[in-house]
Amino acid sequence: MWYVIEGYDGPDVLARRKAARAEHLARLVALRDEGRLLLAGPCPAIDAEDPGPAGFQGSVVIAQFASLEDARAWADADSYCAAGVYQRVDVRPFCKVLP
């Protein structure tokens, strides 16, 4: 099943986000290479693709996992969690309809 994982950045975490980004992306690439990633990306804090020092509000990942527990475990193991970038992570089932 698909699951949506939404991580919400804490305040003033842009430097921590940048430091943990390579490991974060490597995990997403692994999901992609396994054919389990629908989409992933950050949510800018301002209305711009490159928010500069304004940073990001969080990130969204939609990927396939065997269960909700597996999706939560994957999300909890993310480098952004370990680095203290995310102040909260929500994981819930997702039903892809379009496209």
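Our subject is the structure listed above.
Residues numbered from 1 in each chain as written. Predicted model: local features only at pLDDT ≥ 70, side-chain atom pairs only at ≥ 80, totals over all residues. Heavy atoms only, no water.

Each helix and strand counted, the protein has three helices and four strands in total. Listing each helix as α and each strand as β along the protein from the N terminus yields β-α-β-β-α-α-β. In terms of C-alpha radius of gyration, the protein reaches 13 Å, essentially the compact-globule figure of 13 Å for 99 residues. For the C-alpha atoms alone, the extent of the protein along its principal axes is close to 35 × 30 × 25 Å. Within the protein, the fraction of its 99 residues that count as buried is 34%. In the protein, the proportion of contacts linking residues at least 24 apart, taken out of those at least 6 apart, comes to 74%. For the protein, the computed accessible surface area is about 6,000 Å², with 55% contributed by carbon and sulfur atoms. The centroid of the 11 positive side-chain charges in the protein is displaced by 1 Å from the centroid of its 14 negative side-chain charges. (Helix = DSSP H or I, 4+ residues; strand = E, 2+ residues; numbered from the N terminus. Rg over C-alpha atoms; globule rule 2.2 N^0.38 Å. Buried < 20%, exposed > 50% of the residue type's maximum accessible area, 1.4 Å probe, protein only. Contact = heavy atoms within 4.5 Å. Areas by Shrake-Rupley, 256 points an atom, 1.4 Å probe, with all protein chains shown as cover. Lys, Arg positive; Asp, Glu negative; His and termini not counted. Charge placed at Lys NZ, Arg CZ, Asp CG, Glu CD.)

On to empty space enclosed by the protein, then. Summed over all chains, the structure comprises one cavity of 30 Å³ or more. Approximately 60 Å³ is the volume attributed to the largest cavity. As for the largest cavity, its lining consists of Ile5, Glu6, Gly7, His24, Ser59, Val61, Trp74, Ala75, Asp78, Cys81, Tyr86 and Val89. Of all the elements in the fold, those that place two or more residues in the lining of the largest cavity are strand E1 (2-9), strand E3 (56-64), helix H2 (68-76) and strand E4 (86-94). The residue makeup of the lining of the largest cavity, split by class, is seven nonpolar, three polar and two charged. (1 Å grid on protein atoms, 1.4 Å probe; cavity = no way out; pocket = protein on both sides within 12 Å on 5 of 7 lines; lining within 4 Å. Points joined across faces, edges and corners; volume = space filled by probe spheres on them. Nonpolar A, V, L, I, M, F, W, Y, C, P; charged D, E, K, R; others polar.)

What follows concerns the layout of surface pockets. By volume, the largest pocket amounts to about 230 Å³. What lines the largest pocket is a set of 14 residues, among which Arg17, Arg21, Leu25, Pro42 and Tyr80 lie closest to the centre. Taken together, the elements giving at least two residues each to the lining of the largest pocket come down to helix H1 (14-33), strand E2 (37-44) and E3. With seven residues, H1 is the largest single contributor of residues to the lining of the largest pocket. Considered class by class, the residues forming the lining of the largest pocket number eight nonpolar, three polar and three charged.

Another point: the pattern of salt bridges. Within the structure shown, the criterion is met by six salt bridges. Across the pair Arg92 and Glu6 runs a salt bridge whose closest N-O atoms are separated by 2.7 Å. You can see Arg92 sitting in strand E4 and its partner Glu6 sitting in strand E1, a full 86 residues away along the chain. Under the relative-accessibility criterion, Arg92 is labelled partly exposed at 40%. Of the residues examined, Glu6 reaches a relative accessible area of 17% and is grouped as buried. For Asp78, the salt bridge identified is with Arg27, shortest N-O distance 3.1 Å. Taken as a pair, Asp78 in the loop between H2 and helix H3 (79-82) and Arg27 in helix H1 lie far apart in primary sequence, 51 residues in all. For Asp78, a relative accessible area of 3% corresponds to the buried category. Look at Arg27 and you get buried, because its relative accessible area is 17%. (Salt bridge = Lys/Arg side-chain N within 4 Å of Asp/Glu carboxyl O.)

Take it as geometry only, folks, not as evidence of what the structure does.
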